[in-house]
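# Residue-level structural notes
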Amino acid sequence: MSVVRTSQTHSDVPITIKNGLPILRRTSSSTSSSAGRNSTQQLPISGESQAIALVITAYPPAIIAPPFLDAQSPEMPPRSKESIVSGFVAKLQGRKKSSKSSSASSTLDVDTSDGKSGENETRTTVSSPVDQESGHGPIVQAYHTCVNNFRNYKNSLTGVKKAELKDIVQDDIIIIVMGSTGVGKTSFISAIAGKEAEWLHTDIGHSLSAGTSTVNCVKIPIPETKSSIVLVDTPGFDDPERTNAEILEIIAAWLEKSYRQKRLINGIVYLHRITDVRFDAGATATLNLFKQLCGGTVFGRVALTTSMWSEVAPHTLKQAEEKEQELMETQWKALLARKEPAIVSRFISTTEDEARDSAIDTVWKLIKHTHKREALLLQKELVDEEKSLPKTQAGKVAFSLEEMVVWQLKNVSNLLHKKKHQEGETSDDGAKKEQKSDVGA
C-alpha cells in the first residue's frame, strides 16, 4: 500500500518536524553591526517535559479544532492546552515505538490500494489529528461520543429538520440511503427521525406514482454534542417513470456540489427487498451502478440492508433467511470479500419501535468503527478528474448511447444559451455607458 501524506500546520507555531523529530525554531534579533536581521536556531527537543513546555509556549491559549475533520469549524469549542499537550506527548511516545512519521496536525491520505492484490484504485480520505499508533485521542473520543450518544438517546432524538447542503457543517455525520425505487429508503429515514420527519412522505420530493424524486436531507441533532446525523434520501434506480441516467444526474449533482464544499460521506446504506422472488435485471443493474458510483475503496463504509421483513410470513422466514445468505454469497460477494468489507443488516419494520431500533442499529454499526470520511469514485471523477457524467464509471453503466448523445446536445445547448445571455448583458452595459456619455455631453 502506497500512502502519501500532506500535513496542515499552524504557521505561527515554532515547532517543525525534521527527520521524524520535533524541532523548535527559536528566532532572536541580532544587536551586532550586521544587525537588523533575525537569526534562527534549530534546537532538537528531547524529553517529555521539554515537549510539554514547548507546546504550552508554542500554541496559543486555544485553538479551534473540529472533533473529527481537518477543516476548521467555528461551531466547536476551543481545545484546551491540556488536550493539545496530551496529544502531542502521545505523538512523541508513538515515535519511540514506530518509525512511522505522523504529524501533530490533520493529514490527507491518498491510498492507492483497494484492499485486493493486483488491483489499484485511488483512495481519498480525511483523517483526524489523532494518535496514529493507538487510535486514541480527543478527536477520536469526540467522534465516538457522537456515535454512542446517537444510539443511547435513540428514543429522545428531537429537533429534526429538513436541511439544505448549506446547513450541513463539517462536524456532522453524513449517511446516504440508496437503492431501487420502493425498497423503503424514505421509510428507513423516517424510522430514525420519527414523527418530526413526516413531511418526507407528504410535503416534498414525492410524486403519486413513484418514490423520492429529489435529494432530501434530514438533520438530526445528536444529544449532548454539537454534531448531527444527516440522512440523505435519494431517488431510487429502476424507476418505471424515469431512466437510470436521469436519476443518476440528480444524485450526481448533489454529490458533486457536496464534494466541492468538502462535505464527505461517512457511510452509505444500500437497501434491497428481501421479498423479491429473484434478483432480476433491474436489481442487477441497480447494484452494478451503485458499485461503480462508490468505487471499491468505499465498500467498507457500506451497509447492505435487506428490507420488507415485515411482509415475510412466519412459515416462509427460513426461505427469506436462505435468500439473504444467497445474496451474501453471490450478488454481494464483491462487496464483502475485501480487506475492509461492507456490513450486512436487516431493516425490520413490523412495529414502529422495531423499525427505529433496526434502522439506528444499522447506522450505528456502519459508523462506529471509523472516524474517517471517504470521497466516492463518482465525486472524484466529476471534480478531480473533470469528467463529464456519461464518461464516469457510473455514467457508462447508466447511459445508453442515445441518452449520451441527448445529454451532450443538451449541455451544448445550455452553454450556447449561457454565452448568448452573457453577450446580451455585455451589450446592455455598453448601451448604458453610451447613454451616460451622451447625457454628460
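Residues numbered from 1 in each chain as written. Predicted model: local features only at pLDDT ≥ 70, side-chain atom pairs only at ≥ 80, totals over all residues. Heavy atoms only, no water.

The protein chain has the name EngC GTPase domain-containing protein in an unreviewed UniProt entry, where Panaeolus cyanescens is given as its organism.

### Points about the overall build of the protein chain
Within the protein chain, the secondary structure is distributed over 13 helices and 16 strands. The buried share among the 441 residues of the protein chain stands at 45%. Residue pairs in contact within the protein chain that sit at least 24 positions apart in sequence constitute 69% of those at least 6 positions apart. Summing over all exposed atoms, the protein chain offers an accessible surface of approximately 22900 Å²; the carbon and sulfur share of this is 51%. (Helix = DSSP H or I, 4+ residues; strand = E, 2+ residues; numbered from the N terminus. Buried < 20%, exposed > 50% of the residue type's maximum accessible area, 1.4 Å probe, protein only. Contact = heavy atoms within 4.5 Å. Areas by Shrake-Rupley, 256 points an atom, 1.4 Å probe, with all protein chains shown as cover.)

### A short note on unusual backbone geometry
Backbone geometry at Asp238 places phi at a positive 55 degrees, although glycine is not the residue there. Using a relative accessible area of 38% as the deciding quantity, one classes Asp238 as partly exposed. Backbone geometry places Met308, a non-glycine residue, at a positive phi of 65 degrees. Here Met308 shows up in the loop between β14 (302-307) and α8 (317-329).

### Observations concerning the environment of Leu336
With respect to the helices and strands, Leu336 occurs in helix α9 (residues 333-336). Overall, Leu336 belongs to the partly exposed group, its relative accessible area being 22%. In sequence terms Leu336 and Val302 are 34 residues apart; their C-alpha atoms lie 9.7 Å from each other. Those residues in contact with Leu336 that sit more than four places away from it in its chain are Leu304, Met328, Pro341, Ala342 and Val344.

### As for the pattern of salt bridges
One pass over the structure, following the stated rule, counts 14 salt bridges. The residue Asp172 makes a salt bridge to Lys219 at a minimum N-O spacing of 3.1 Å. Note that Asp172 is positioned in the loop between β9 (161-163) and β10 (173-179) and Lys219 in strand β11 (residues 216-221), a separation of 47 residues in sequence. Taking the shortest distance from any N to any O, the salt bridge between Lys387 and Glu381 comes out at 3.5 Å. The partly exposed category is assigned to Lys387, whose relative accessible area is 30%. The structure contains a network of salt bridges with shared partners spanning Arg151, Asp361 and Lys365. (Salt bridge = Lys/Arg side-chain N within 4 Å of Asp/Glu carboxyl O.)

### What to know about the packing of aromatic side chains
Two aromatic rings, taken as a pair, are described by how far apart their centres are and by the angle between their planes. A full pass over the atoms with the stated rule returns 2 aromatic pairs. Taking 5.2 Å as the distance between ring centres and 70 degrees as the angle between the ring planes, the aromatic pair formed by Phe188 and Phe347 counts as edge-to-face. You can see Phe188 sitting in helix α4 (residues 185-193) and its partner Phe347 sitting in the loop between β15 (343-346) and α10 (352-367), a full 159 residues away along the chain. Summarising the burial analysis for this pair, Phe188 and Phe347 share the class buried. Ring centres 4.5 Å apart and planes at 35 degrees place the aromatic pair Tyr270 and Phe290 in the tilted group. In this pair, Tyr270 sits in strand β13 (residues 267-273) while Phe290 sits in helix α7 (residues 281-294), placing the two residues 20 residues apart along the sequence. Using a relative accessible area of 1% as the deciding quantity, one classes Phe290 as buried. Positioned above the aromatic ring of Trp309, the side-chain terminus of Arg346 is 4.2 Å from the ring centre. (Phe/Tyr/Trp six-rings, centres within 6.5 Å; stacked < 30°, edge-to-face > 60°. Lys NZ or Arg CZ within 6 Å of the ring centre and 35° of its normal.)

### Observations regarding a nonpolar patch on the surface
Residues Leu401, Val405 and Leu409 make up a contiguous nonpolar surface patch of about 320 Å² in total accessible area. Inspection of the secondary structure assignment puts Leu401 in helix α13 (residues 401-440). We classify Leu401 as exposed; its relative accessible area is 67%. (Patch = residues over 30% accessible without salt bridge, like charges linked within 9 Å, V, L, I, M, F, W, Y side chains within 5 Å.)

### What to know about the nonpolar core
One finds Leu248, Trp254, Ile268, Phe290, Leu293 and Leu378 to be the most contacted residues of the largest nonpolar core, which totals 48 residues. Per-element accounting of this core gives the leading share, 8 residues, to helix α6 (residues 244-260). Every residue in contact with Leu378, bar those within four places of it in the chain, is listed here: Leu248, Ala252, Leu255, Leu293, Leu389, Thr392 and Ala394. (Core = buried A, V, L, I, M, F, W, Y, C linked by side-chain atoms within 4.5 Å.)

### Re the pairing of strand β12 (residues 228-233)
Taken across its 6 residues, β12 has 6 buried, putting it largely inside the fold. Burial of β12 is two-sided: the residues Ser228, Val230 and Val232 facing one way and the residues Ile229, Leu231 and Asp233 facing the other way are all buried. For β10 and β12, the ladder comprises 5 bridges, and the chain directions are parallel. By the bridge assignment for β12, Val177 is matched with Asp233. Bridge count for β11 against β12 is 6 bridges, and the pairing is antiparallel. The partner of Asn216 across the bridge, within β12, is Asp233. Connecting the antiparallel pair β11 and β12 is a turn made up of 6 residues, with Glu224 showing a positive phi of about 60 degrees. (Pairing = 2+ DSSP bridges.)

### Regarding the sheet that holds β13
The mixed open sheet is built from 7 strands, whose spatial order is β9-β11-β12-β10-β13-β14-β15. Where the open sheet ends on each side, the last strands, each with one partner, are β9 and β15. This sheet shows a mean twist of 30 degrees between the axes of neighbouring strands, independent of strand direction. Packing of α4 onto the sheet brings it into contact with β10, β11, β12 and β13, and relative to β12 it is tilted by some 160 degrees. Across the sheet, α7 lies against β10, β13 and β14, angled at about 175 degrees from β13, the strand it touches most. (Axes fitted to C-alpha atoms, helices over the stretch in contact; angles between N-to-C directions.)

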